[in-house]
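Fold and geometry: a report
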Amino acid sequence: AKAFIQLCGEAHSESKHIRQLSRFSVVPARCLRLARRHLPDSAHRPFQIFLANDARMMQRLLHIALLLGLAIALHVSTFLVPEETLEDSPDHSSGSHKETVFSSSLTEKVAFSMGGVYFACTG
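Residues numbered from 1 in each chain as written. Predicted model: local features only at pLDDT ≥ 70, side-chain atom pairs only at ≥ 80, totals over all residues. Heavy atoms only, no water.

Below, the discussion takes up the overall build of the protein chain. Per the secondary structure count, the protein chain includes six helices and two strands. Starting at the N terminus and ending at the C terminus, the protein chain contains elements arranged as α-α-α-α-α-β-β-α. The 123 residues of the protein chain split such that 14% are buried. A fraction of 34% describes how many contacts in the protein chain between residues 6 or more apart in sequence connect residues 24 or more apart. Element-wise, carbon and sulfur atoms account for 62% of the exposed surface of the protein chain, whose accessible area totals about 9900 Å². (Helix = DSSP H or I, 4+ residues; strand = E, 2+ residues; numbered from the N terminus. Buried < 20%, exposed > 50% of the residue type's maximum accessible area, 1.4 Å probe, protein only. Contact = heavy atoms within 4.5 Å. Areas by Shrake-Rupley, 256 points an atom, 1.4 Å probe, with all protein chains shown as cover.)

With that settled, consider a nonpolar patch on the surface. Taken together, the side chains of F24, V26 and F47 present a nonpolar region at the surface, about 270 Å² in accessible area. Along the polypeptide, F47 turns up in helix α4 (residues 46–51). (Patch = residues over 30% accessible without salt bridge, like charges linked within 9 Å, V, L, I, M, F, W, Y side chains within 5 Å. Salt bridge = Lys/Arg side-chain N within 4 Å of Asp/Glu carboxyl O.)

The terminal C-alpha atoms of helix α6 (residues 105–122) lie 26 Å apart, and with 18 residues this matches the ideal 26 Å at 1.5 Å per residue to within 8%. Within α6 the residues assigned to the buried category are T107, A111, M114 and G115. Down the axis of α6, the buried side of the element spans an arc of 105°, and every buried residue falls inside it. Residues of α6 that are exposed and point more than 90 degrees away from the buried face comprise L106, K109, F112 and A120. (Expected span 1.5 Å × (residues − 1). Arc of directions from axis to C-beta.)

So, about the packing of aromatic side chains. Evaluated as defined, the whole model comprises two aromatic pairs. Between F102 and F112, the aromatic rings sit 6.4 Å apart at their centres with planes inclined by 65°, giving edge-to-face as the arrangement. Of this pair, F102 sits in strand β2 (residues 93–102) while F112 sits in helix α6, placing them 10 residues apart in sequence. Seen from their ring centres, Y118 and F119 are 5.8 Å apart, and the 70° between their planes marks the pair as edge-to-face. A relative accessible area of 59% means that F119 is categorised as exposed. (Phe/Tyr/Trp six-rings, centres within 6.5 Å; stacked < 30°, edge-to-face > 60°.)

On the surface, K16, R19, R23, R33, R36 and R37 cluster together to form a positively charged patch. If you list the elements that add at least two residues to the positive patch, you get α1 (2–23) and α2 (32–38). Within the secondary structure, R19 sits in helix α1. (Lys, Arg positive; Asp, Glu negative; His and termini not counted. Charge placed at Lys NZ, Arg CZ, Asp CG, Glu CD.)

The subject of this paragraph is the confidence of the model for the protein chain. The pLDDT averaged across the protein chain works out to 80; a share of 82% of its residues lies at or above 70. No element of the protein chain has a lower mean pLDDT than strand β1 (residues 80–88), at 67, and none a higher one than α2, at 88. (pLDDT = per-residue confidence, 0-100.)

This is the structure in structure tokens:
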């Protein structure tokens, strides 16, 4: 319960910060009334454009990250196969063990690329 209240407090402070940024104007304070009356918001409030639909974009990013994580899991579970290797070491005289390797170098590159994109989305 205490962690939930802390997360709510952080979300509230973030929303207050976003509200302050959305009200920021590049027009000097003495001309702000005229700017609000005669200019569109995007002309004198630079963060208004970037912060529009902020919650919706964050929700889309979360969905994309979850779908990408699912795609990575399916890709790895499909193309990561066990491979038997023989070891000629003194400890394991002709013993065998299984290593997991990708079925081809292309599938390995795809998996690492998707993993990089996933970490960039969740980063």
